[in-house]
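Residues per chain, in single letters:
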Amino acid sequence: MIHRQISSKIASLSKQYPIVTVTGPRQSGKSTLLRAEFPDYKYVSLEDPDMREFATSDPRGFLATYPDQTIIDEAERVPALFSYLQTHVDAANKEGMYLLAGSRNFLLMEGIDQSLAGRTAILKLLPFSRKELHDSGELPNTIDEQIFTGFYPRVYDKKIHPTDYYPSYIQTYVERDLRLISNISDLNRFVRFLRLCAGRVGQILNKTSLATECGCTMPTVEAWLSILEASYICHRLEPNFNNHNKRIIKSPKLYFYDTGLVCNLLGITDAGQVATHYLRGSLFENLVVNQFVKDGFNRGITPDLTFWRDSSGNEVDLIQTKGTEQWAYEIKSGATFSQDFFKGLVKWASLSSTPAERLSVIYGGVQRFESSTGNVVPFPLTF
C-alpha cells in the first residue's frame, strides 16, 4: 500500500475526538487507508444493503453491536444514525470511538452539522499527491503522463489504463451518486454539462455561456456546479480582493480535482495527445493548483488559495495566504523560462507591496534559480 501523507493527522485526531470523519471523492482510498491504519477496528460498510437496513431499522441495536473502535464506511447512507451517534459518544465520553468515511460530501456534512458538530474532526482525502507517488516509485515519468493518468489509487493499484478507468468512474458517479445527491431527470444533459466544464478548465467561470451551450437555466447551472463540488469532481478558485486595484475580475476560475478525469472528458486517449492539446497549459495549471490543495488537505487544513486578474489582462495564477502574508505564483507549462513570466507578478506586487522573495514562477523546465523579480521553480521538483 502506498503511504498516505494524511495518515499521521488521522492518527493524532483520533486521540483528541470521539469521531474522525474522512470525506473525499469516490475511490480516493478512504476505506483502504482507514482499514490499514486502524487494523484493530471493526469495519462496516453501509453500502451493504443488510448493514444499511440494520442501521436504519434498529440504530440502537447497531451501535450496541458496534459500540466502539469501528470504521463506518459510506456513513451518509443512513442519515438518522448521526443523532444516535451523538448521544452514544456523549455518554461514553472517550476518544477514538468511530472513524466515518463518505464520498457524498453534501449528505455527509448535513448529518454532521445537525448532530455531530464539535464531536468529530473532519479531514478530506483526495487522490494521490505527486509526493506520495514519487516516494513509492509510482509517479509517471513525464508531466504529460501525470496529467493524462491522473492520481486515483485504483489506476495504480490495479494497473488500469486511464481510458478504461475513467469512463467507468463517470458512469458510476452519474448512475449511482447523482441519484442520491440530487434528483436530476436528464442525466445525458448533465453529462454534457460535465464535458462543457472540462472544456473550461482553468478559465474564468462564465455561467451564462455554460447555460446557453448546455440549454439549461442559470439556476440549473449553479445547482449542478454545487453538485460537482459536493461530490469532489470540481472546485472553484475565488478571486483575490486583497489589493488596491478596483478594476479586478470578480468571477472564480474552474478546476477539476483530477486531471486524468478531465482528459477523459476531453476525449484525450493517450499522454502524447496532451503535449499538443490546446488546453495543455490549463491542464498543467490544474495539476499545479491541485498539489497546493492536496498539500493543505493532507495537513488537515483548507488552504487559502485565490487568483488575481484585472480588466487589463494582468494576472497571477495562484495566491496563497498564510496568516497576514501572501505568496504569489505564475504557472507556465513551457520548459523554457522567459522573463515575461513575471509580468503579472510584478504588477500585482506593486499593488500589494509583496517582496520578490514571495513571488515565484512554477514552470515545466528543470532549472531552479532566483532573480531580482522572484523565484523560478521547476514543477518536477515541487511537492
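The rules behind each value
Residues numbered from 1 in each chain as written. Predicted model: local features only at pLDDT ≥ 70, side-chain atom pairs only at ≥ 80, totals over all residues. Heavy atoms only, no water. Helix = DSSP H or I, 4+ residues; strand = E, 2+ residues; numbered from the N terminus. Buried < 20%, exposed > 50% of the residue type's maximum accessible area, 1.4 Å probe, protein only. Contact = heavy atoms within 4.5 Å. Disulfide = S-S within 2.5 Å. Pairing = 2+ DSSP bridges. Axes fitted to C-alpha atoms, helices over the stretch in contact; angles between N-to-C directions. 1 Å grid on protein atoms, 1.4 Å probe; cavity = no way out; pocket = protein on both sides within 12 Å on 5 of 7 lines; lining within 4 Å. Points joined across faces, edges and corners; volume = space filled by probe spheres on them. Nonpolar A, V, L, I, M, F, W, Y, C, P; charged D, E, K, R; others polar.

**Description of the side chain of T259**
Secondary-structure assignment places T259 in helix 14 (residues 259-265). Taking the relative accessible area as the measure of exposure, T259 reaches 1% and is therefore buried. Residues in contact with T259, not counting those within four places in the same chain, are Q146, I147, G150, F151, L283, N286 and L287.

**Focus: the state of the cysteines**
One pass over the full model with this rule turns up 0 disulfides. In this structure C214 is a free cysteine whose sulfur lies 4.0 Å from that of C216, the closest cysteine sulfur available. Judged by relative accessible area, which is 5%, C214 ranks as buried. Using a relative accessible area of 15% as the deciding quantity, one classes C216 as buried.

**Some remarks on the environment of Q16**
Relative to the assigned elements, Q16 resides in the loop between helix 1 (7-13) and strand 1 (19-23). With 21 residues separating them in the primary sequence, Q16 and E37 have C-alpha atoms 17 Å apart.

**Looking at the environment of F54**
Its location among the elements puts F54 in helix 3 (residues 49-57). What makes F54 partly exposed here is its relative accessible area of 25%.

**Observations regarding the sheet that holds strand 8 (residues 304-309)**
Spatially, 6 strands are ordered 8-9-10-11-13-12 in an open sheet, and the strand pairing comes out mixed. Every other strand in the sheet has two partners, leaving strand 8 and strand 12 (369-371) as the edge strands with one partner each. Averaged over all neighbouring strand pairs, the angle between strand axes comes to 30°, with direction disregarded. In terms of strand pairing, strand 8 meets strand 9 (residues 315-322) through 5 bridges, oriented antiparallel. Within strand 9, the residue paired with D304 across the bridge is T321. Against the sheet, helix 17 (residues 343-352) engages strand 8, strand 9, strand 10 (325-332) and strand 11 (359-363), with an angle of about 50° to strand 9.

**A short note on the layout of surface pockets**
Its boundaries defined by the atoms lining it, the largest pocket holds a volume of some 610 Å³. Every residue lining the largest pocket is counted, 25 residues in all, and those nearest its centre are Q27, G29, K30, S31 and T32. Breaking the lining of the largest pocket down by element, the ones donating at least two residues are helix 2 (30-37), strand 2 (42-45) and helix 9 (153-157). Residues that form the lining of the largest pocket fall into these classes: 7 nonpolar, 7 polar and 11 charged. Its volume calculated, the second largest pocket comes out at about 300 Å³. The wall of the second largest pocket is formed by 15 residues, among which H235, R236, Y257, F297 and T302 lie closest to the centre. Breaking the lining of the second largest pocket down by element, the ones donating at least two residues are strand 6 (234-237) and helix 16 (280-298). The element that contributes the greatest number of residues to the lining of the second largest pocket is strand 6, accounting for 4 residues. Along the lines of polarity and charge, the residues of the lining of the second largest pocket split into 9 nonpolar, 3 polar and 3 charged.

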